[in-house]
Amino acid sequence: MCGIIGYCGREIAAPIVFQGLKRVEYRGYDSAGIATLSDRSLLVKKGVGKLDEVNSQKGLDAIPGNIGIGHTRWATHGGVTEPNAHPHCDCSGEVAVIHNGIIENYQELREQLISNGHRIASETDTEVIPHLIEDEMKKGNSLKAAVLAIAPRLEGYYAFLAISSREPDKIVGARKGSPLAVGISDQGFFAASDALAFPDYVTELLPLDDHEMVVLTHHGAELFDAAGNRLQRDKRRLTSRWGEANKQGYRFFMLKEIMEQPRVVEDAAAQNKELFTDIALDILRAGQVIITACGTSRYAALVGRYLFSKVGRKFCDVVMASEFHYFADSVDKDTVVLAVSQSGETADVIEGVKEAKAAGAKIVSIINRPMSLLEDISNHVIYLNCGPELCVAATKSFLSQLVVFYLLSFSMINAFDKAVNNLKRISSEVSKTIDWNNDKIERLSHELKTKNDFYYIARGINFAIASEGALKAKEISYIHAEGMPAGELKHGTLALIEPLTPVAVICPDDYTYNETLSNAIEAKARGAYIVAISDRDNEIYDFWIEIPKVDELLYPLITVIPLQLLAYHLAVSRGYDPDRPRNLAKSVTVK
Ligand code: F6R
């Protein structure tokens, strides 16, 4: 979380840094700031709000100087206030630091600093860094030597960039456990939490590993190890680039990304058959298969588990990434771990995968964003190919994950081509589902927008879709929502159903129809308002969202669409920005 970027070159830094921050704003958007070095002075501007708001109040992109660092924040330590926004400075106002990660021992360091006379201005963990650098520089150390000296004292994980008016020709960066990409171009040198933050003219990267540091000057980017020894690394071409994503006329990215889904199915299905066959064989041969993921990606994994069992006759388990560590004792070299992550940098996923890898497991990752931490630690990588997903709530990446699991399960029975053909046909059914229902669901959202509790039920392969529908409603429309297997309702949650409580019932006309309908009738008998997502009408529905009939293993790709639309329209009709939900960020790089 938190987006960081630094630039050192011939151009005026602030506008370049600002544009870079715009490209990483999905990482956090509660406050923002930029610091530059100009005429041997440190200039800092920061404020609370989304990047454009802070810029219009403070003029972030108008600060002079050819060296600049910028930050967009997702609060972890300390509330959303201007003093807590980055960059953070030392007592003398000579050093500024931006940081992504968490300094776990910051309280202890902070107490030491205060007892040594430092004035701490914020509640953040980050602020200890500039003060520690200040102490080192007072001893006569250079900025680089100061960073080298303090790095071993920082517990936790970080990627940070530091500048000092005492050395107005450089940016010093360091990383441990958080991403920091180094970019090279004719117009200057960059470091950022995400290479996608770099402008198009950055064509080369210098790989930087944990416990290493980078010094950017007008002349180049130099890498050093933890002892300060210069490292020689081959440059890598920056091959993957998403370019500028815009809303293409849609009011919000979320709607645009939902609407892109017919195409997304085709793009996600454009996979390498040999790679899928190899991975499928590994899965079939493995002593055990574990899928690990968080949030929406985990719901895709739950559909995947079902497909593996139904098609490939291979049972596997899905372990929530934040809980993976507690099961790590059972992982061995006979284990295949599939890690599913749109961003490829979710800290919980990375942590679990590292542990599994250390135990000898084979790692297969299913990722959307190129050049991620997860990519670097995987034996095989499958890309979702769905392009940048800029709304914080995942939609099109979820559909792409479902496509990948469908292909993998059919690869287990040597039927990759058949699966691709089936998916080609489903793309038009996704279109139909959107066309039939978008306006209708908007009207429904106005009817339901004052409700405080929603329930989502389904069975079999669609059960995870119920959970995903509830997650979407919670995160962007701030409505309490629960998704569960329909059969579970009567084991407790039914007590919460009151007259007109909305219950979304996913009941395609398949082998689950009759039993799911019985559960819906039980809810209706307690007064529930039944919103049915089905290709078959029934008199018990209060509101019918009609979907096309498809093969039963492909229903999840269809049934999730109306639930995405419902969450979107509920958010908008309740007056919220679905792209930037409160308290959330797209890449969750903290544990
Ligand atoms: C929900 C959502 C989150 C993510 C979760 C995992 O809409 O976006 O629940 O799915 O944070 O993120 P990735 O897939 O990047 O690991």
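Computed from a predicted structure; not experimentally measured. Residue indices begin from 1 for each chain and proceed along its sequence in written order. Local features in this predicted model are restricted to residues of pLDDT 70 or higher, and side-chain atom pairs are both shown and tallied only at a pLDDT of 80 or more, whereas totals for entire chains, interfaces and linings draw on every residue. No hydrogens and no water enter the side-chain calculation; it runs on all heavy atoms of the structure.

## Description of the layout of surface pockets
Let me state the cut-off plainly: With a 1 Å grid spanning the protein atoms alone, the term cavity applies to any set of points in which a 1.4 Å probe fits but cannot get out, the term pocket to an open set with protein on both sides within 12 Å along at least five of seven lines, and the term lining residue to any residue with an atom within 4 Å of a point. Grid points are joined across faces, edges and corners, and a volume is the space filled by probe spheres set on the points. Numbered from the N terminus, helices here are DSSP runs of H or I no shorter than four residues, and strands are runs of E no shorter than two. In the scheme used here, Gly and all other residues not listed as nonpolar or charged are polar, with Ala, Val, Leu, Ile, Met, Phe, Trp, Tyr, Cys and Pro taken as nonpolar and Asp, Glu, Lys and Arg as charged.
Approximately 610 Å³ is the volume found for the second largest pocket. Residue lining of the second largest pocket: 27 residues in total, with Gly295, Val392, Glu475, Ala585 and Val588 positioned closest to the centre. At the level of elements, α9 (295–310), β18 (335–341) and α15 (463–477) are the ones that each hand at least two residues to the lining of the second largest pocket. Tallied by class, the residues present in the lining of the second largest pocket amount to 13 nonpolar, 8 polar and 6 charged.

## What to know about the site of the ligand
Short version of the rule: Only a single heavy atom is needed: when it lies within 4 Å of a molecule or strand, its residue is near that molecule or strand. Pairing of N or O atoms within 3.5 Å defines a polar contact, subject to two protein rules: one partner must be a possible hydrogen donor and the other a possible acceptor, and residues neighboring in sequence count only if both atoms are side-chain atoms. Note that accessible areas follow from Shrake-Rupley with a 1.4 Å probe, and for residues the cover is restricted to the protein chains shown. If over half the atoms of a molecule are within 2 Å of the grid points of a cavity or pocket, the molecule is regarded as sitting in it.
Neighbouring residues of the ligand: 15 residues in total, closest Ser297, Ser341, Ser343, Thr346 and Glu475. Within the backbone of Val392, one N or O atom sits 3.3 Å away from an oxygen atom of the ligand. In this structure, Ala394 approaches the ligand through a main-chain N or O atom, which is 2.9 Å from an oxygen atom. Compared with its free state, where it exposes 410 Å², the ligand has 89% of that area covered by protein. Placement of the ligand is best described as lying within the second largest pocket.

## Describing the domain arrangement of the chain
What counts here: Start and end points for every domain follow an automatic or database-based domain assignment. Whether two residues are in contact is decided by their heavy atoms, any of which lying within 4.5 Å being enough. Note: buried area is the sum, over both parts, of the accessible area (probe 1.4 Å) each one loses when the two are combined. Salt bridge criterion: a side-chain nitrogen from Lys or Arg within 4 Å of a carboxyl oxygen from Asp or Glu.
Looking at the chain, the domain boundaries give domain 1 (3–243) and domain 2 (253–573). Computed over C-alpha atoms, the centres of domain 1 and domain 2 are 37 Å apart. At the junction of the two partners, domain 1 supplies 15 residues and domain 2 supplies 13 residues. Between domain 1 and domain 2 the total buried area reaches about 1,100 Å² when both faces are included, carbon and sulfur atoms providing 68% of it. Between the two partners, domain 1 and domain 2, sit 1 salt bridge. Asp194 serves as the salt-bridge partner of Arg369, at 2.3 Å between the closest nitrogen and oxygen.

## Things to note about the sheet that holds strand β11 (residues 204–206)
Using the following cut-off: The criterion for strand pairing is that DSSP finds at least two bridges linking the strands in question. To obtain an axis, a line is fitted to C-alpha atoms, over the contacting stretch when the element is a helix, and the angle between two such axes runs from 0 to 180 degrees between their N-to-C directions.
Spatial ordering of the open sheet is given by β3-β2-β4-β1-β10-β9-β11-β15, a layout of 8 strands whose pairing is antiparallel. Pairing within the sheet leaves two strands with one partner each, and these edge strands are β3 (41–48) and β15 (236–237). Sheet topology note: the strand β2 (residues 31–38)/strand β4 (residues 67–73) ladder contains 7 bridges and is antiparallel. Bridge pairing in β4 links Ala35 to Ile69. The sheet contacts of helix α1 (residues 13–23) involve β1 (3–9), β2, β4 and β10 (188–192), and relative to β4 the element is tilted by about 25°. Docked against the sheet, helix α2 (residues 51–58) engages β2 and β3, running at close to 125° with respect to β3.

## A word on the pattern of salt bridges
Opposite charge on two side chains lets them pair, provided their charged atoms get close. Heads up, the rule is: For every residue, the accessible area obtained with a 1.4 Å probe (protein chains only) is divided by the maximum for its type, and the residue is called buried under 20%, exposed over 50%, and partly exposed between those limits.
In this structure the tally under the stated criterion is 31 salt bridges. Of the charged contacts in the structure, one is a salt bridge between Glu260 and Lys396, with a shortest N-O distance of 2.7 Å. Here Lys396 lies in helix α13 (residues 396–411) and Glu260 lies in the loop between α6 (253–259) and α7 (261–269), a separation of 136 residues in the sequence. In this structure Lys396 comes out as buried when scored by relative accessible area, which is 2%. Its salt-bridge partner being Asp542, residue Lys524 comes within 3.0 Å of it at the nearest N-O pair. In this pair, Lys524 sits in helix α16 (residues 513–525) while Asp542 sits in the loop between β24 (529–534) and β25 (543–546), placing the two residues 18 residues apart along the sequence. For Lys524, a relative accessible area of 29% corresponds to the partly exposed category. Judged by its relative accessible area of 33%, Asp542 is partly exposed. Connected through salt bridges with shared partners, the residues Lys256, Glu260, Arg263, Asp267 and Lys396 form a single ionic network.

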